[in-house]
Amino acid sequence: MNIDWLFAGENYICDVRTVGVLVRNGKLLVQRDKDGTEYALPGGHIKIGETLEDGLKREYLEETGAKIRCEKLLWSEECFWEWKGKQAHNLAFYYLISICDGYDIVDNGEFQSHKDNADVVLGWMPIDEIQNVTIYPEFLKKEIYSLGGEIKHFVSR
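Report on the accompanying structure.

Focus: the pairing of strand 8 (residues 86-99)
Two faces belong to every sheet, and in a regular strand the side chains alternate between them.
Inference 1: One ladder, built from 10 bridges, connects strand 2 (residues 12-21) with strand 8; its direction is parallel. Its bridge partner being in strand 8, Val 19 is matched across the sheet by Tyr 94.
Inference 2: In terms of strand pairing, strand 7 (residues 68-83) meets strand 8 through 14 bridges, oriented antiparallel. When the bridges of strand 8 are listed, Trp 75 appears paired with Tyr 94.
Inference 3: In this antiparallel pair of consecutive strands, strand 7 and strand 8, the connection spans 2 residues, and Lys 84 shows a positive phi of 50 degrees.

So, the nonpolar core
Inference 1: Among the nonpolar cores identified, the biggest contains 20 residues, and Val 21, Leu 28, Leu 41, Trp 75, Tyr 94, Leu 140 and Ile 144 are the most heavily contacted of them.
Inference 2: Contributions of two or more residues to this core are made by strand 2, strand 4 (27-33), strand 7 and strand 8.
Inference 3: Ignoring sequence-local partners within four residues, the contact set of Leu 28 consists of Val 21, Leu 22, Val 23, Leu 41, Gly 123, Trp 124, Met 125, Ile 127, Ile 130, Leu 140 and Ile 144.
Inference 4: Among the nonpolar cores identified, the runner-up in size contains 17 residues, and Leu 22, Ala 66, Ile 68 and Ile 97 belong to it.

Description of the side chain of Asn 90
Inference 1: Tracing the chain through its elements places Asn 90 in strand 8.
Inference 2: By relative accessible area, Asn 90 is classed as buried at 7%.
Inference 3: Within the structure, the side chain of Asn 90 is placed 3.0 Å from the side chain of Asp 15, a separation counted as a polar contact.
Inference 4: Ignoring any residue separated from it by four or fewer positions in sequence, one finds Asn 90 in contact with Asp 15, Arg 17, Glu 77, Glu 78, Cys 79 and Trp 81.

Topic: the layout of surface pockets
Once rolled over the atoms, a probe with the size of a water molecule shows which space is left empty.
Inference 1: Volume-wise, the largest pocket comes out at about 1,200 Å³.
Inference 2: Taken together, 39 residues line the largest pocket, and the ones lying closest to its centre are Asp 15, Arg 17, Gln 31, Ala 40 and Trp 81.
Inference 3: Among the secondary structure elements, those contributing two or more residues to the lining of the largest pocket are strand 2, strand 4, strand 5 (38-40), strand 6 (43-45), helix 1 (52-64), strand 7 and strand 8.
Inference 4: Looking at which element gives the most residues to the lining of the largest pocket, the answer is strand 7, with 5 residues.
Inference 5: Considering only residue class, the lining of the largest pocket consists of 14 nonpolar, 9 polar and 16 charged.

Thoughts on the environment of Phe 80
Inference 1: Relative to the helices and strands, Phe 80 is located in strand 7.
Inference 2: Residues Phe 80 and Tyr 60 lie 20 residues apart in sequence; the distance between their C-alpha atoms is 25 Å.
Inference 3: Other than its neighbours up to four places away in sequence, Phe 80 contacts Ala 88, His 89, Val 155, Ser 156 and Arg 157.

Considering the environment of Leu 52
Inference 1: Mapping Leu 52 onto the fold places it in helix 1.
Inference 2: It is 9.4 Å that separates the C-alpha atoms of Leu 52 and Tyr 94, two residues lying 42 residues apart in sequence.
Inference 3: Residues within four places of Leu 52 in sequence aside, it is in contact with Val 16, Thr 18, Ile 46, Phe 93 and Tyr 95.

What to know about the pattern of salt bridges
Inference 1: Enumeration over the complete set of coordinates arrives at 9 salt bridges.
Inference 2: Salt-bridge contacts for Asp 104 lead to Arg 24; the nearest nitrogen and oxygen are separated by 2.6 Å. You can see Asp 104 sitting in the loop between strand 8 and strand 9 (111-112) and its partner Arg 24 sitting in strand 3 (residues 23-24), a full 80 residues away along the chain.
Inference 3: A relative accessible area of 46% means that Asp 104 is categorised as partly exposed.
Inference 4: Of the charged contacts in the structure, one is a salt bridge between Arg 69 and Glu 71, with a shortest N-O distance of 3.4 Å.
Inference 5: Of the residues examined, Arg 69 reaches a relative accessible area of 36% and is grouped as partly exposed.

Reading the values: the criteria
- Counting of residues starts from 1 at the beginning of each chain's written sequence and follows it residue by residue.
- Only residues with pLDDT of 70 or above have their local features reported here, since the model is predicted, and side-chain atom pairs are shown and tallied only from 80 upward, although totals for entire chains, interfaces and linings are computed over all residues.
- With hydrogens and water stripped out, all remaining heavy atoms of the structure feed into the side-chain values.
- A pair of strands is considered paired only if DSSP assigns at least 2 bridges between the two.
- What counts as a helix is a DSSP run of H or I of at least four residues, what counts as a strand is a run of E of at least two, and both are numbered from the N terminus.
- Here the nonpolar core consists of buried residues drawn from Ala, Val, Leu, Ile, Met, Phe, Trp, Tyr and Cys, with membership extended through side-chain atoms lying within 4.5 Å.
- Think of it in three bands: with a 1.4 Å probe and only protein chains considered, a residue is buried below 20% of the maximum accessible area for its type, exposed above 50%, and partly exposed in between.
- The contact definition used throughout considers only heavy atoms, calling two residues in contact when any of these lie within 4.5 Å.
- Counting of polar contacts relies on pairs of N or O atoms within 3.5 Å, with two restrictions inside protein: one atom must be capable of donating a hydrogen and the other of accepting it, and residues adjacent in sequence are counted only when both atoms are side-chain atoms.
- Lining residues are those with an atom within 4 Å of a point, where the points come from a 1 Å grid over the protein atoms alone and group into cavities, where a 1.4 Å probe fits but cannot get out, or pockets, open sets with protein on both sides within 12 Å along at least five of seven lines.
- Grid points are joined across faces, edges and corners, and a volume is the space filled by probe spheres set on the points.
- All amino acids are sorted into three groups, where Ala, Val, Leu, Ile, Met, Phe, Trp, Tyr, Cys and Pro are nonpolar, Asp, Glu, Lys and Arg are charged, and the leftover types, Gly among them, are polar.
- For this document, the term salt bridge refers to a Lys or Arg side-chain nitrogen within 4 Å of an Asp or Glu carboxyl oxygen.

This is the structure we're talking about:
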């Protein structure tokens, strides 16, 4: 099926998101709205019938033009917040990823998403700089320094 795992009603929105944590040369690949100042990690909604890993591979190819490998599940998160007057409930799964041989994501400033997010720019940010910006998930500021440990689960409000 080509339907996002996203359900919305008049007062709520619920979704499942798969997210990549890509680190290279002391930098982290991040994204933000073109006119925004808040950062997040690249990824997106999975499709109904699609695995988390397959969804992440599809999203990265669509957004960066690169094929990736999912190395390890790092974190899961239940996130609750208000979005445009609706109660939002997001389930997110964060994977440590690497770029497949023959592909690259260049480090020469920000670039526009390749496919469906014309208002989103991506770029490499030095890991230490994430302490000075608003970035989601908030736990990333601490957890980015311990990617080799056990899988952790977070609840964010």
